[in-house]
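# Fold and contact review
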There are 2 protein chains.
Amino acid sequence: MSGWLAIIGLGPGSSAQITPEVTQLLSEATDIVGYESYVHRITSRNPAVRHLSGNRVELERAYQALNLATDGKNVALVTSGDPGIFAMAAAVFEAVDAGPKTWRSLDIRVLPGITALLAASARTGAPLGNDFCAINLSDNLKPWALIEKRLRLAIDGDFVIACYNPRSNARPNGFAKVLKLLQRETDRKRTLIFARAVSTKHEHIQVIPLEDCRPDMADMQTLIIIGNSMTRIIETTGQPWVYTPRSVDPEKSQ
Amino acid sequence: MSGWLAIIGLGPGSSAQITPEVTQLLSEATDIVGYESYVHRITSRNPAVRHLSGNRVELERAYQALNLATDGKNVALVTSGDPGIFAMAAAVFEAVDAGPKTWRSLDIRVLPGITALLAASARTGAPLGNDFCAINLSDNLKPWALIEKRLRLAIDGDFVIACYNPRSNARPNGFAKVLKLLQRETDRKRTLIFARAVSTKHEHIQVIPLEDCRPDMADMQTLIIIGNSMTRIIETTGQPWVYTPRSVDPEKSQ
């Protein structure tokens, strides 16, 4: 009897943002695989075997999950946010593509989750009200020059830009280079949102003009949204709202 | 006593993809406001007053919801997918920005939902495995020239591209122009995903090379994902998997 593999998204942190289908699936799994911080978030009473791993071993983790499913286990491979946005789904399909033919007939499912982009947007208003890009700032798997090229093109197109994985201990300097690029190629009043650990008790939101941004405002738990030229702030007695208008004046879009 | 306004995302269609916080909030609302097709999806037994409206009256709907909250009602403004992605959140904050000062002290919350982009990605594998853009193909509120400019820049940056609102009765020709632009500026084997009404009983997924795409494959319920130059297909006995590798070879990214 063959097992299954479900790659599931736990959302940004709060259990109130985990979809019912993910909760249901966690109760049916015989084995739970994932980065230890994410597996520790699971409160299900299901006595599934838990296979913890470190942060930077995505492909090994994918092989482990595929092997367990091949052995007949019902495997939940857990990720934070959404599995398809800079998380484990791509690693699993890379492994399937390179692996034995039998893996192509495995029962594999991907269950979406609330990705950091959506959580940060909701918490601050509607910064993604117009067309946007999402860029992973980690250069572990792609050249830094490509990240800068994509940032420049996104600025040229006046996209709102969401940046995942801006800064880590192993990559302390990348985000400083991004700020310098923005300072060269956009206006100093451009609005940035630093949304850290949204929906958890460590949540911290900052809405700051580009000229006041510092590299150390970001870490691996921060999602950054760079407003486009039209992004506006609504001052309130508390945290301001940020939104990007849906309309673009034809005169200003050339 | 003042009310509140919550702008909430119902996800793509399945109730198993509605977050618990959205379900909870729907049970507490005194008034539910929204496009009629979305309000009809709500199965809550809460006898809230339902205020239905047509599809193309976003700003009027936002004013209605803000006025009800000002009058002390607890208002759920419902959207499909996520409220911040080409949905109602931006319209509400546009209205707040232009409206009376008192609206700035209203209790407004935005609750995220599974947007079509995540649902379509999950159903087909991991097409968003590398950096991506999301572009609203409706030119109701922005010039068509800007849409084409953004598409060209996104192709130049080798982003994966998600297209919302590709085609409607009022805009029958835009998507045909997009296909022509793609045929001019990318390769004819480029992979496209047409994901219609994901997670509903009307779900229909097509994975097709660019050279075989036709304009009438899209309608207003279709989310289109245009793969980048690296996007790969894994053939299976059923629907193929689609993924975009996380790694980019430095030699190929110039």
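Residues numbered from 1 in each chain as written. Chains lettered and ligands numbered in written order. Predicted model: local features only at pLDDT ≥ 70, side-chain atom pairs only at ≥ 80, totals over all residues. Heavy atoms only, no water.

### Some thoughts on the overall build of chain A
Cut-off, in case you're wondering: Each helix corresponds to a stretch of at least 4 residues labelled H or I by DSSP, and each strand to a stretch of at least 2 residues labelled E; elements are numbered beginning at the N terminus. With the radius of gyration taken over C-alpha atoms, the globule rule is written as 2.2 Å times the number of residues to the power 0.38. The buried label applies to any residue whose accessible area, calculated with a 1.4 Å probe on protein chains only, is under 20% of its type's maximum; exposed applies above 50%, and partly exposed to all values in between. Only heavy atoms enter the contact rule, under which two residues are in contact if any of them lie within 4.5 Å. Areas reported as accessible are Shrake-Rupley estimates using a 1.4 Å probe. Residue values count occlusion only from the protein chains shown. Asp and Glu count as negative and Lys and Arg as positive, but His and the ends of the chain are not part of the count. Where a charge sits is defined by one atom per residue type, namely NZ (Lys), CZ (Arg), CG (Asp) or CD (Glu).
Looking only at helices and strands, chain A has seven helices and 13 strands in total. For 254 residues, the compact-globule estimate of 2.2 N^0.38 gives 18 Å, and chain A sits close to it at 20 Å. Projected onto the principal axes, the alpha-carbon positions of chain A cover approximately 65 × 40 × 35 Å. Per-residue burial for chain A yields a buried fraction of 60% across its 254 residues. A separation threshold of at least 6 residues defines the contact pool for chain A, and within that pool the share at least 24 residues apart is 69%. Total accessible area on chain A stands at roughly 10200 Å², and carbon and sulfur atoms take up 48% of it. In chain A, 28 positive and 26 negative side-chain charges are present, and the distance between their average locations comes to 3 Å.

### Structural notes on the relation of the copies chain B and chain A
Filter applied, for reference: Here the copies were fitted onto each other by least squares, based on C-alpha atoms from residues at pLDDT of at least 70 in both.
With an RMSD of 0.0 Å, chain B superimposes on chain A once it is rotated by 180° and translated 0.0 Å along the axis. The operation mapping one copy onto its partner corresponds to a two-fold rotation axis. Closest approach to the rotation axis among the C-alpha atoms of chain B is made by Cys133(B), whose C-alpha sits 2.0 Å away.

### Here's the deal with the packing of helix H6 (residues 144-156) of chain A against helix H6 (residues 144-156) of chain B
How we decide: Comment: axis = line fitted to C-alpha atoms, over the contacting stretch for helices; angle = value between 0 and 180 degrees taken between N-to-C directions. Convention used here: angles under 35 degrees read as roughly parallel, angles over 145 as roughly antiparallel, angles from 65 to 115 as roughly perpendicular, and any remaining angle as oblique. Charged residues are taken to be Asp, Glu, Lys and Arg, nonpolar residues to be Ala, Val, Leu, Ile, Met, Phe, Trp, Tyr, Cys and Pro, and polar residues to be all remaining types, Gly included.
Look at H6(A) against H6(B): their axes get within 9 Å of each other, and the N-to-C directions meet at 175°. By the angle class used here, H6(A) and H6(B) are roughly antiparallel. When H6(A) is examined against H6(B), the residues Lys149(A), Leu153(A) and Asp156(A) are found in contact with a partner set consisting of Lys149(B), Leu153(B) and Asp156(B). Taken together, the residues that form the contact of H6(A) with H6(B) break down as two nonpolar, no polar and four charged.

### With respect to the confidence of the model for chain A
To keep it simple, the criterion reads: The score called pLDDT rates the predictor's confidence residue by residue, from a low of 0 to a high of 100.
Considering every residue of chain A, the mean pLDDT works out to 95; 98% of them sit at 70 or more. Here the predicted complex carries an ipTM of 0.97, next to a pTM of 0.97.

### Some words on helix H5 (residues 116-124) of chain B
Taken across its nine residues, H5(B) has seven buried, putting it largely inside the fold. If you check which residues of H5(B) are buried, you get Leu117(B), Leu118(B), Ala119(B), Ala120(B), Ser121(B), Ala122(B) and Thr124(B).

### Some points on the pairing of strand S7 (residues 132-136) of chain A
Quick note on the threshold: Any two strands between which DSSP finds at least two bridges are classified as paired.
Counting buried residues along S7(A), five of its five residues qualify, which places the element largely inside the surrounding structure. In S7(A), alternate side chains face the same way, and those of Phe132(A), Ala134(A) and Asn136(A) on one face and Cys133(A) and Ile135(A) on the other are all buried. As paired elements, S7(A) and strand S7 (residues 132-136) of chain B share three bridges and run antiparallel to each other. Following the sheet pairing, Cys133(A) is matched in S7(B) by Cys133(B).

### Regarding the environment of Met217(A)
All names here are of chain A. Turning to its location among the elements, Met217 is positioned in the loop between strand S10 (204-209) and strand S11 (222-226). Distance in space between the C-alpha atoms of Met217 and Ala195 is 9.8 Å, their sequence separation being 22 residues. Non-local contacts of Met217, meaning those with residues more than four positions away in its chain, are made with Phe194, Gln206, Ile208, Asp212 and Thr222.

### Quick notes on H6(B)
Note the threshold: A helix is expected to span 1.5 Å multiplied by its residue count minus one.
With 13 residues, H6(B) ought to run about 18 Å at 1.5 Å a step, and its terminal C-alpha atoms sit 19 Å apart, in line with that. Of all the residues in H6(B), the buried ones are Trp144(B), Leu146(B), Ile147(B), Glu148(B), Arg150(B), Leu151(B), Leu153(B), Ala154(B) and Ile155(B). Buried residues along H6(B) sit against H6 of chain A together with S7, strand S8 (160-164) and helix H7 (174-185) of chain B.

### Examining the nonpolar core
What counts, and what does not: Put simply, buried Ala, Val, Leu, Ile, Met, Phe, Trp, Tyr and Cys residues joined by side-chain atoms within 4.5 Å make one nonpolar core.
In terms of nonpolar packing, the biggest core is built from 50 residues, with Leu192(A), Phe194(A), Leu192(B) and Phe194(B) touching the most fellow members. By size, the runner-up hydrophobic cluster in this structure holds 40 residues, among which are Phe86(A), Leu223(A), Ile225(A) and Leu117(B).

### Some thoughts on the interface of chain B and chain A
Under the convention used in this document: Throughout, the accessible surface (probe 1.4 Å) given up by two parts as they are put together, summed over both, is called the buried area. The rule for a salt bridge is simple: a side-chain nitrogen of Lys or Arg has to be within 4 Å of a carboxyl oxygen of Asp or Glu. Counted as a polar contact is a pair of N or O atoms within 3.5 Å, where, for protein atoms, one must be capable of donating a hydrogen and the other of accepting one, and residues adjacent in sequence contribute only when both atoms are in side chains.
Listed per partner, the contact involves 68 residues of chain B and 68 residues of chain A. Buried surface at the junction of chain B and chain A, both sides included, amounts to about 6300 Å², of which 61% is carbon and sulfur. Across the contact surface, chain B and chain A share 10 salt bridges. A salt bridge links Asp131(B) to Arg150(A), with the nearest nitrogen and oxygen atoms 2.7 Å apart. Taken together, chain B and chain A are joined by 28 residue pairs in polar contact (both at pLDDT 80 or more). Looking at the side of chain B that touches chain A element by element, the count peaks at seven residues for helix H4 (residues 88-98) of chain B. Among the residues making up the side of chain B that touches chain A, the classes are represented as 35 nonpolar, 18 polar and 15 charged.

### Things to note about the packing of aromatic side chains
Centre-to-centre distance and the angle between the planes together describe a pair of aromatic rings. Short version of the rule: Think of it this way: a Phe, Tyr or Trp ring, Trp meaning its six-membered ring, pairs with another when their centres are within 6.5 Å, and the plane angle makes it stacked under 30 degrees, edge-to-face over 60, tilted otherwise. Comment: the charge-over-ring label is applied if NZ (Lys) or CZ (Arg) is within 6 Å of the ring centre and within 35 degrees of the ring normal.
Tallied over the entire structure, the rule returns 12 aromatic pairs over all chains. On the numbers, 5.9 Å between centres and 85° between planes, the contact of Phe175(B) with Phe194(B) is edge-to-face. Of the two residues, Phe175(B) is situated in helix H7 and Phe194(B) in strand S9 (residues 191-196); the sequence distance between them amounts to 19 residues. Assigned by exposure class, Phe175(B) and Phe194(B) land together as buried. Pairwise contacts between aromatic rings join Phe86(A), Tyr164(A) and Phe132(B) into one cluster. Above the face of the Trp4(B) ring, Arg109(B) is positioned so that its terminal group lies 4.8 Å from the ring centre.

### Here we look at the pattern of salt bridges
Under the definition given, this model contains 28 salt bridges over all chains. Salt-bridge contacts for Lys149(B) lead to Asp156(A); the nearest nitrogen and oxygen are separated by 3.9 Å. With Lys149(B) in helix H6 and Asp156(A) in helix H6, the pair connects residues from two separate chains. One network of salt bridges, with partners in common, ties together Asp97(A), Arg104(A) and Arg232(B).

### Some details on the side chain of Asn228(B)
As for its placement among the helices and strands, Asn228(B) is situated in the loop between strand S11 (222-226) and strand S12 (232-234). For Asn228(B), the residues in contact, after removing those within four places along its chain, are Arg150(A), Asn130(B), Asp158(B), Phe159(B), Val160(B), Arg190(B) and Thr244(B).

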